[in-house]
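# Commentary on secondary and tertiary structure
If you want the building blocks of each chain, they are given just below.
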Amino acid sequence: MSVDEKTVRRIAHLARIAVTDEEVPHLQGELNAILSFVEQLNEVNVEGVEPMTSVTPMVMKKRQDGVTDGGYPEKIVQNAPATEDNFFLVPKVVE
Amino acid sequence: MTELTHLTIAEARDGLKAKTFSATELTQAHVDAIEKARALNAYVLETPDKALAMAKASDERIAKGEAGALEGIPLGIKDLFCTEGVVSTASSKILGNFNPPYESTVTRNLWNDGAVMLGKLNMDEFAMGSSNETSAFGPVVSPWRREGSNVSADASGQIEGTHLVPGGSSGGSAAAVAAHLCLGATATDTGGSIRQPAAFTGTVGIKPTYGRVSRWGTVAFASSLDQAGPITRTVRDSAIMLGSMASPDPKDTTCVDLPVPDFEAAISRGVKGLKIGIPKEYRIDGMSPEIEQLWHQGAEWLRAAGAEIVEVSLPHTKYALPAYYIVAPAEASSNLARYDGVRYGLRENGRDIVDLYEKSRAAGFGREVKRRIMIGTYVLSAGYYDAYYVRAQKLRTLIKRDFEEVYAQGVHAILTPATPSAAFGIGEKGSGDPVEMYLNDIFTVTVNMAGLPGIAVPAGLDAQGLPLGLQLIGRAFDEETLFAAGQVIEDSAGRIKLPQAWWA
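I will try to describe carefully the structure that is included in this document. Just so it is clear, the model here is predicted, and its values are computed rather than measured. (Residues numbered from 1 in each chain as written. Chains lettered and ligands numbered in written order. Predicted model: local features only at pLDDT ≥ 70, side-chain atom pairs only at ≥ 80, totals over all residues.)

## Focus on the sheet that holds strand 8 (residues 227-232) of chain B
Residues and elements named next belong to chain B.
- Within the open sheet, the 11 strands sit side by side as 1-3-2-6-8-7-12-13-11-9-10. Their pairing is mixed. On the outer flanks of this sheet lie strand 1 (43-46) and strand 10 (308-312), each paired with one strand and no other. Sheet twist, expressed as the average angle between the axes of neighbouring strands with direction ignored, equals 30°.
- Relative to strand 3 (residues 116-121), strand 2 (residues 74-78) is paired through five bridges, and the arrangement is parallel. (Pairing = 2+ DSSP bridges. Helix = DSSP H or I, 4+ residues; strand = E, 2+ residues; numbered from the N terminus. Axes fitted to C-alpha atoms, helices over the stretch in contact; angles between N-to-C directions.)

Here is the structure:
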């Protein structure tokens with residue numbers, strides 16, 4: 001399978017990365033090089049094989065469902081580019 | 001006396017204990033060496049004041065007889081580990097001046113044991129790369145030069161000539177250890193990012209079993225593959241450092257609740273009676289005869305030390321790299337979704353929220369990272385998920401099964417080359433076709449896909465005088481056998497003579 005320019009633009013939008021007209025053909029070439037490299041996986045018969053979900057056989061650890069941390073909103077927002085009263089600021093989302 | 005920067009961790013520990021020198025003297029020697037080595041671009045952030053304050057505290061603890069396992073040992077930290085109050089960027093513009101209000105479990109463990117932080121080390125952006133060329137801070141210069149090479153540093157610290165890459169993604173870690181700019185460094189490995197740069201720089205690097213080391217507070221690339229480990233100058237030093245980095249951690253659900261073994265004690269075990277497998281599928285077309293010969297030599301060293309060498313088969317080896325380039329980008333596209341210009345890092349304003357996301361991410365991510373996020377987005381998108389992602393995860397099951405079958409035959413560890421070639425020059429690979437660069441990880445990536453431990457140990461030099469490494473792959477949670485066998489290789493090969501400081 002290979003991707004055309006339209007698909008490159010669609011993927012970029014899904015990935016929330018703005019691309020310029022000049023970048024599209026380069027990205028298309030690079031993505032197709034990778035897709036053609038992974039094509040060889042189709043040689044393998046994977047019928048009846050379970051997809052891996054956990055590389056080490058272990059039961060996932062669980063902890064008590066309780067509040068164990070927190071209470072410092074100023075630390076949470078300290079690296080944000082724009083904040084007000086310990087909230088993150090974004091452009092208006094709803095009218 | 002040996003220069004303080006040329007000691008091993010074990011020697012420095014002994015010297016500190018015997019009060020031959022102080023932690024402050026040891027740290028100052030490294031601070032001075034780092035200052036003179038800026039041309040290598042190994043450190044992206046030097047923290048000399050913090051280092052000297054930590055060293056002073058170490059000297060006080062040593063005086064009181066309260067020294068920890070790594071007391072006063074100066075280390076470099078890959079910029080992927082979040083360090084409280086010290087800017088951590090994953091060598092990406094998108095994190096800007098991100099200043100973590102928390103400490104990663106790995107670094108917390110090191111400081112609890114008394115280690116000293118010299119600074120943050122350069123790396124490929126978000127650990128995506130095999131040459132350290134994708135870093136937003138520019139490439140790292142390898143301290144190694146080909147024989148007869150004209151690479152030099154001028155009076156202002158500018159590099160002249162085409163220099164070699166240190167490998168990646170932990171390129172700053174490997175270069176700093178090889179150039180004596182720290183006694184050891186933290187590193188991470190998703191497809192070979194500890195073992196390949198270690199092999200390129202004549203250093204030792206171990207990727208432990210998935211789950212041995214906590215991932216908490218380490219910037220995520222591909223969560224089912226990422227593991228942290230050390231890069232050091234000797235096998236013993238790697239054993240010492242991993243013993244401190246590893247721990248159970250309630251903050252990481254994939255980190256196992258197993259006690260950390262005494263790795264250092266394991267190095268003197270030897271390999272007598274062990275069965276070492278040589279996988280025939282690793283004999284790839286076009287492999288250099290030097291690597292082939294070194295591999296053979298490695299097997300002979302282990303045989304001479306009492307191991308039984310057997311040929312084994314890992315039939316799905318060739319599919320590990322293509323499957324990796326589906327699984328890793330898929331996980332990366334999900335992990336890196338958090339960089340949106342809202343909560344931290346770089347922000348480019350837009351006409352609405354989506355425009356803000358798209359512009360911030362376009363400006364903040366480098367080319368390789370964008371490429372991988374887009375591949376990951378594609379293979380997870382509706383209509384392609386089964387054909388790519390599910391198939392790759394099935395391949396992963398088969399790759400792991402290959403190893404399990406070999407271990408079930410009584411094989412204790414597997415010996416392979418660490419890389420298909422010695423270090424290459426900057427700009428030499430991957431400029432046209434990204435896959436050319438990816439092929440560097442062909443021998444290491446299988447290990448991540450199966451979650452197993454792997455160690456790279458320097459084993460010799462090629463005709464151009466550049467180091468080559470061998471890799472040992474172990475059973476899950478049996479890093480001890482890797483340290484034992486790695487020590488045999490180190491003893492047989494002799495320690496590699498690291499380059500003189502031509503850059504200083």
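Let's pick the thread back up.
## A few points about the packing of helix 7 (residues 235-245) of chain B against helix 16 (residues 479-493) of chain B
All names here are of chain B.
- One can describe the packing of helix 7 onto helix 16 by two numbers: an axis separation of 9 Å at closest approach and a directional angle of 160°. One way to sum up the angle between helix 7 and helix 16 is to call them roughly antiparallel. Contact with helix 7, carried on its side by Val235, Ala239 and Leu242, involves Glu479, Phe483, Gly486, Gln487 and Glu490 of helix 16 and no other residues of that element.
- Partitioned by chemical class, the residues of the contact of helix 7 with helix 16 number four nonpolar, two polar and two charged. (Parallel < 35°, antiparallel > 145°, perpendicular 65-115°, else oblique. Contact = placed C-beta atoms within 7 Å. Nonpolar A, V, L, I, M, F, W, Y, C, P; charged D, E, K, R; others polar.)

## Observations regarding helix 7 of chain B
- Of all 11 residues in helix 7 of chain B, 11 are buried, a share of seventy percent or more.
- Of all the positions in helix 7 of chain B, only Val235, Arg236, Asp237, Ser238, Ala239, Ile240, Met241, Leu242, Gly243, Ser244 and Met245 of chain B are classed as buried. (Buried ≥ 20, exposed ≤ 12 C-beta atoms within 10 Å, placed from the backbone.)

## Quick notes on the pairing of strand 8 of chain B
Residues and elements named next belong to chain B.
- With six of six residues buried, strand 8 lies mostly within the body of the structure.
- Strand direction decides the pairing type here: strand 6 (residues 184-189) and strand 8, joined by six bridges, are antiparallel. Bridged to Gly184 within strand 8 is Thr232.
- As paired elements, strand 7 (residues 204-207) and strand 8 share two bridges and run antiparallel to each other. Among the inter-strand pairings, Val204 is bridged to a residue of strand 8, identified as Thr232.

These figures come from the coordinates and say nothing about function on their own.
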